[in-house]
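Each chain is listed here by its residues.
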Amino acid sequence: MPIAVHPLRILAFTCALLTAAPAGAADPALPRHAERDAPRAAKRLILQHDGHPFAPFAPFADALRLVAEGRRTFRFDTFGDEAFWGGALRLHEAVAQLSPRDALGLGLKVDADALPHRLAAQLRAGRVDLDDPRTTVALLRLGAVVGVTGFFDEAGGLVSVGIQCALCHSTVDDSLAPGVGRRLDGWANRDLDVGRVIAAAPDLSPFEQLLGVDADTVRQVLLGWGPGKFDATLLLDGKTQGPTGSAAVLIPPAFGLAGVNLHTWTGWGSVPHWNALVANLEMGGQGTFVDHRLDDAERFPIAAREGFSEVRRTPDRVTPKLPGLHLYQLALEAPRPPRGSFDAQAAARGKALFEGRARCATCHVPPLYTEPGHNLHAPAEIGIDAFQAERSPTQGYRTAPLRGLWTHGKGGYYHDGRFATLRDVIDHYDGFLGLGLGEGEKSDLAEFLKSL
Ligand code: HEC
Ligand code: HEC
């Protein structure tokens, strides 16, 4: 017999779940404010749903629990990578010398929700000393630096730092001050100069050893990346120069990925594949990663030599996090463009072109804007060089999902930012595909891209 549940109870239950964090051991690296959204009542409800009137909601409860866990991982989990960033590179020593002004200048972001009210008010009033490195350390102690966790000794000294996914794949809405605001998870941080941050580390010997070059050369390579870019393949193949400059690629968003088959610019694999690769091989986290495509000594000389195709560290701090991390990223929808940020009538005309004569939708199939199916292309199909594609086991380029394009224009378009503006992208397709678009049509198409 069906059990009647009052709609208000369902609503209360859902609200509780939405703010729930998973049960489990408290993570010492977790800033205290992260626990604010973990009401115990919600945990109890989740635990009790089996065999109760809420049983029909079990999959929703599980999904919400996983999403909440994934968000914590995305924002706060270092996977033990402080052993690399603090332990090996001693990056915390450079961080302790960094003024907040310089840190913001490097593109690091501050989470306004982690700031005590008084500090937030002082910041808004411009009464915080942004030139004192001690302020940077204080922000780290509050867990307020997006994607960076500080580790402190009993005397309060900064002894290590670790990084999170949010470092590159979150930004803030600048609501308090430039670089200080509410977190925007999934947004590519195109201000962040990762290379310059790493280059500041006093000890670069892990890079020197893997690449077989001296520290100055490593620094030169890192400083060559520029804001918004990172080279995830550097420590696999040792390549540093591409046809348009450094071999680094733009940080893509980590939102709008649900329904998309292959991920990364060159389609390395699924979200969990790439998350495991990044956590273990790029961030220096402690976990397990298996991908025997890296045994290809010609394509990946460093990875093959170092045995990166099979990394097994215990305890494994990555694998248990992959399901939540996966679901969280799939749950992050691409944000809609702000009102008035594009011309709606021109965008409507552009849409017709996109889906018609300009042939864009043959690859960027709406509403995913990538192919439902195998979404990879040979470089020649989009009229560009094969350099970055050849650095991937797929040797192809993945049709970029275009939703939320308006959030990541900084740094340009295509994997290496070779096209500075949407108009440049359109001109490229116009020439390469022989579309014969007129001036008005090109600008209509650009307005449509801004509307996605
Ligand atoms: C240091 C910066 C950095 C960090 C930290 C980082 N990423 Fe990325 N991420 C990148 C870059 C750059 C790419 C593009 C790589 C490529 O295509 O070669 C990328 C690609 C991705 C993609 C593919 C997006 C798409 O469009 O298909 C996902 C998903 C992703 N990262 C998630 C994560 C997660 C989850 C973490 C934490 C475990 C993480 N990243 C940590 C820089 C970073
Ligand atoms: C043959 C398949 C194909 C067609 C046709 C195609 N694209 Fe693309 N598009 C791609 C691929 C693949 C990429 C990724 C390129 C890279 O990684 O550098 C891409 C990238 C883009 C980007 C950059 C996205 C970003 O995040 O930087 C834009 C914008 C874009 N396409 C718009 C269009 C428009 C507009 C058309 C029609 C005029 C079009 N595309 C036609 C396959 C295609």
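Conventions adopted
- Residues numbered from 1 in each chain as written.
- Chains lettered and ligands numbered in written order.
- Predicted model: local features only at pLDDT ≥ 70, side-chain atom pairs only at ≥ 80, totals over all residues.
- Helix = DSSP H or I, 4+ residues; strand = E, 2+ residues; numbered from the N terminus.
- Buried ≥ 20, exposed ≤ 12 C-beta atoms within 10 Å, placed from the backbone.
- Contact = placed C-beta atoms within 7 Å.
- Near = placed C-beta within 6 Å.
- Core = buried A, V, L, I, M, F, W, Y, C linked by C-beta atoms within 7 Å.
- Domains from an automatic or database assignment.
- Pairing = 2+ DSSP bridges.
- Axes fitted to C-alpha atoms, helices over the stretch in contact; angles between N-to-C directions.
- Parallel < 35°, antiparallel > 145°, perpendicular 65-115°, else oblique.
- Left-handed = near helix turned anticlockwise from the far one by under 90°.
- Nonpolar A, V, L, I, M, F, W, Y, C, P; charged D, E, K, R; others polar.
- pLDDT = per-residue confidence, 0-100.

**Some details on the overall build of the chain**
Stage number 1. In terms of regular secondary structure, the chain is built from 19 helices and 14 strands.
Stage number 2. Taken across its 452 residues, the chain has 43% of its residues classed as buried.
Stage number 3. The contacts of the chain with a sequence gap of at least 6 include a subset with a gap of at least 24, amounting to 68%.

**Examining the site of ligand 2**
Stage number 1. In the region of ligand 2, 23 residues are neighbours, and Cys360, Cys363, Tyr413, Tyr414 and Tyr429 sit closest.
Stage number 2. With four residues, helix α18 (residues 422-432) is the largest single contributor of residues to the shell around ligand 2.

**Some words on the nonpolar core**
Stage number 1. Counting 81 residues, the largest nonpolar core has Val110, Val145, Val148 and Val194 as its most contacted members.
Stage number 2. Per element, the largest residue contribution to this core is six residues, and it comes from helix α14 (residues 271-282).
Stage number 3. Of the domains in this structure, domain 1 (7-76) and domain 2 (82-226) are the two that each give at least three residues to this core.
Stage number 4. If you look at the next biggest cluster of nonpolar residues, it comprises 16 residues, including Leu422, Ile426, Ala446 and Leu452.

**A word on the pairing of strand β2 (residues 148-152)**
In regular strands, side chains alternate between the two faces of the sheet.
Stage number 1. Two strands pair when backbone bridges link them, and β2 and strand β3 (residues 158-163) are joined in this way by five bridges, in the antiparallel orientation. Bridge pairing in β3 links Val148 to Ile163.
Stage number 2. Linkage of β2 to β3, two consecutive antiparallel strands, is achieved through a turn of five residues, within which Gly156 is found at a positive phi near 90°.

**Thoughts on the site of ligand 1**
Stage number 1. Around ligand 1 there are 25 residues in total, and Cys165, Cys168, His263, Thr264 and Trp265 lie nearest to it.
Stage number 2. Looking at the shell around ligand 1, the elements that each hand over two or more residues are α9 (166-169), α14 and α16 (322-331).
Stage number 3. Element by element, the count of residues in the shell around ligand 1 is highest for α14, at five residues.

**Looking at the environment of Lys321**
Stage number 1. Within the element layout of this structure, Lys321 appears in the loop between β12 (310-312) and α16.
Stage number 2. A count of 22 C-beta atoms within 10 Å places Lys321 in the buried class.
Stage number 3. In this structure the C-alpha to C-alpha distance between Lys321 and Gly70, which are 251 residues apart in sequence, comes to 7.2 Å.
Stage number 4. If we ignore the near neighbours within four places in the chain, the residues touching Lys321 are Thr73 and Asp77.

**Looking at the packing of α18 against helix α19 (residues 439-450)**
Stage number 1. At a minimum axis separation of 9 Å, α18 and α19 run at an interaxial angle of 125°. What the angle tells us is that α18 and α19 run oblique. Relative to α19, α18 is oriented so that their crossing is right-handed. Counting all contacts with α18, which are made through Leu422, Arg423, Ile426 and Asp430, the residues of α19 involved are Lys442, Leu445, Ala446, Leu449 and Lys450.
Stage number 2. Grouping the constituent residues of the contact of α18 with α19 by class yields five nonpolar, no polar and four charged.

**Quick word on α14**
Stage number 1. Within α14, nine of the twelve residues are buried, leaving the element largely enclosed by the surrounding structure.
Stage number 2. What α14 keeps buried is the set Val271, Asn275, Ala276, Leu277, Val278, Ala279, Asn280, Leu281 and Glu282.
Stage number 3. In the core, the buried residues of α14 are packed alongside α13 (234-237), β11 (288-290), β12 and α16.
Stage number 4. Positive backbone phi, at 80°, marks Gly284, one or two positions downstream of α14.

**So, the packing of helix α3 (residues 58-76) against α16**
Stage number 1. At a minimum axis distance of 7 Å, the contact between α3 and α16 shows a crossing angle of 95°. Accordingly, the angle class assigned to the pair α3 and α16 is roughly perpendicular. Along its contact with α3, which presents Ala63, Leu66, Val67, Glu69, Gly70, Arg71, Thr73 and Phe74, the element α16 presents Pro323, Gly324, Leu325, Leu327, Tyr328 and Ala331.
Stage number 2. Broken down by class, the residue content of the contact of α3 with α16 amounts to nine nonpolar, three polar and two charged.

**Topic: the confidence of the model for the chain**
Stage number 1. Confidence along the chain averages 92 in pLDDT terms, with 88% of residues attaining 70 or more.
Stage number 2. The low-confidence segment residues 20-26, where pLDDT is below 50, has 16 contacts with residues more than four positions distant or belonging to other chains.

**Description of the environment of Asn280**
Stage number 1. Tracing the chain through its elements places Asn280 in helix α14.
Stage number 2. Since 26 C-beta atoms lie within 10 Å of it, Asn280 is described here as buried.
Stage number 3. In sequence terms Asn280 and Arg312 are 32 residues apart; their C-alpha atoms lie 9.4 Å from each other.
Stage number 4. Setting aside chain neighbours within four positions, we find Asn280 in contact with Gly285, Gly287, Phe289, Val311 and Val318.

**Digging into unusual backbone geometry**
Stage number 1. Between Thr314 and the following residue, Pro315, the backbone shows a cis peptide bond with an omega angle of -5°.
Stage number 2. Among the structural elements, Pro315 can be located in the loop between β12 and α16.
Stage number 3. Note the cis peptide between Pro366 and Pro367, where omega equals 0°.
Stage number 4. As for its position among the elements, Pro367 is in the loop between α17 (344-355) and β13 (376-377).

**With respect to the environment of Pro133**
Stage number 1. Locating Pro133 in the fold gives a position in helix α8 (residues 133-141).
Stage number 2. For the pair Pro133 and Ala103, spaced 30 residues apart in sequence, the C-alpha to C-alpha distance is 9.3 Å.

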